[in-house]
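Chains, contacts and geometry: an overview
So the chains spell out like this:
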Amino acid sequence: MTHAASEGHTETAILGGGCFWCTEAVFKEVEGVLKVEPGYCDGEVDHPAYRQVCEGTTGHAEVVRITFDPQVVSFRQLLEVFFGTHDPTTPDRQGNDVGTQYRSTIFPNSEEQLHDAAAVMEALEDEFAEPIVTKLEMPAPFWPAEDFHFDFFANNPEQPYCQFVVAPKVAKFREKFAARRKQG
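Since we're looking at a predicted model, the values are computed, not measured.

Conventions adopted
Residues numbered from 1 in each chain as written. Predicted model: local features only at pLDDT ≥ 70, side-chain atom pairs only at ≥ 80, totals over all residues. Heavy atoms only, no water. Helix = DSSP H or I, 4+ residues; strand = E, 2+ residues; numbered from the N terminus. Rg over C-alpha atoms; globule rule 2.2 N^0.38 Å. Buried < 20%, exposed > 50% of the residue type's maximum accessible area, 1.4 Å probe, protein only. Contact = heavy atoms within 4.5 Å. Areas by Shrake-Rupley, 256 points an atom, 1.4 Å probe, with all protein chains shown as cover. Lys, Arg positive; Asp, Glu negative; His and termini not counted. Charge placed at Lys NZ, Arg CZ, Asp CG, Glu CD. Axes fitted to C-alpha atoms, helices over the stretch in contact; angles between N-to-C directions. Parallel < 35°, antiparallel > 145°, perpendicular 65-115°, else oblique. Left-handed = near helix turned anticlockwise from the far one by under 90°. Nonpolar A, V, L, I, M, F, W, Y, C, P; charged D, E, K, R; others polar. pLDDT = per-residue confidence, 0-100. Core = buried A, V, L, I, M, F, W, Y, C linked by side-chain atoms within 4.5 Å. Pairing = 2+ DSSP bridges. Disulfide = S-S within 2.5 Å.

With respect to the overall build of the chain
Within the chain, the secondary structure is distributed over 7 helices and 8 strands. Computed over the C-alpha atoms, the radius of gyration of the chain is 15 Å, within 12% of the 16 Å expected from 2.2 N^0.38 for a compact globule of 184 residues. Taken along the three principal axes of its C-alpha coordinates, the chain extends 45 × 35 × 35 Å. The proportion of buried residues among the 184 residues of the chain is 46%. Considering only intrachain contacts with a sequence separation of at least 6, the fraction spanning at least 24 residues in the chain is 76%. Accessible area for the chain stands at about 9300 Å²; split by element, carbon and sulfur atoms hold 51% of it. Averaging the coordinates of the 15 positive side-chain charges in the chain and doing the same for the 30 negative ones gives two points 5 Å apart.

Here it is as structure tokens:
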């Protein structure tokens, strides 16, 4: 644990980049990330269940809440990983996962995060063949997902979705962001 984290100086980020199994697996490997929690944001139902959200009728997005040490990794650096490991140009979808629950979204926790997110999106606009459609949404209650979603990739590496969808995203992170990867 870093000195700053041991003093309790942490920040949180809430990001949605498709299935939270993918985003959780990627961000658990980022140096300076202390905790990653899959869950749901936005939406019209308190304490939603996975099946409800999967139906696409609640308005929730699958997200991860990331607790990080800003002395080790900045919010902007997290956003670089975020935009580098999912497709921010496809509205309401990531690959075969289709629906508003899979939208590319950022729920800024402060004015600074809002400003940073807008600046990063603007800076990256020319990096993609299509326009970035990631939504900057108002802060919303975060509802933790059911326990079996936590560490899903680590606990289910042989599951077909993990092999064919999650593993390639983790491999992409490891290749593209090797310098941001936790050591040991």
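Brief notes about the packing of helix α4 (residues 75-85) against helix α7 (residues 160-176)
The contact between α4 and α7 brings their axes to 10 Å, and the two run at 130 degrees. Put simply, α4 runs oblique to α7. Here α4 and α7 pass one another in a crossing that is right-handed. Residues V81, G84 and T85 of α4 form the contact with α7, whose own contacting residues are K169, K172, F173 and K176. Along the lines of polarity and charge, the residues of the contact of α4 with α7 split into 2 nonpolar, 2 polar and 3 charged.

Considerations on the confidence of the model for the chain
For the chain, the average pLDDT comes to 94, and 96% of its residues sit at 70 or higher. Averaged pLDDT values over the elements of the chain bottom out at 46 in helix α1 (residues 3-6) and peak at 98 in strand β3 (residues 60-68).

Observations concerning the nonpolar core
Counting 40 residues, the largest nonpolar core has F27, I66, L78, L79 and I106 as the members making the most contacts within it. Elements represented by at least two residues in this core include exactly β1 (11-17), α2 (20-27), β2 (33-42), α3 (50-54), β3, α4, α5 (111-124) and α7. Excluding anything up to four places from it in sequence, L78 contacts A13, F27, V30, V33, I66, F68 and V73. One finds I14, C41, A61 and F107 within the second-largest nonpolar core, a separate group that totals 7 residues.

A look at the environment of V64
Structurally, V64 can be placed in strand β3. Judged by its relative accessible area of 0%, V64 is buried. Ignoring any residue separated from it by four or fewer positions in sequence, one finds V64 in contact with A13, I14, L15, F20, T23, E24, V36, E37, P38 and F142.

Points about the sheet that holds strand β8 (residues 142-144)
In space, the 6 strands of this open sheet follow the order β7-β6-β1-β3-β2-β8, with mixed pairing throughout. In this open sheet, the two edge strands, each paired with only one partner strand, are β7 (135-136) and β8. Examined bridge by bridge, β1 and strand β6 (residues 104-107) share 4 bridges and lie antiparallel to one another. Paired with L15 across the strands is I106, a residue of β6.

Observations concerning the state of the cysteines
Evaluated as defined, the whole model comprises 0 disulfides. Here C22 stays unpaired: no disulfide links it, and the sulfur of C19, its closest cysteine neighbor, is 4.8 Å away. Free of any disulfide, C41 has its nearest neighbouring cysteine sulfur in C19, separated by 16 Å.

Here we look at the packing of α2 against α7
Interhelical geometry of α2 versus α7 gives an angle of 35 degrees and a closest axis separation of 9 Å. Between α2 and α7 the crossing geometry is right-handed. Here W21, C22, A25 and V26 of α2 come into contact with α7, specifically with Y161, V165, V166, K169, V170 and F173. When the residues that make up the contact of α2 with α7 are grouped by side-chain class, the tally is 9 nonpolar, no polar and 1 charged.

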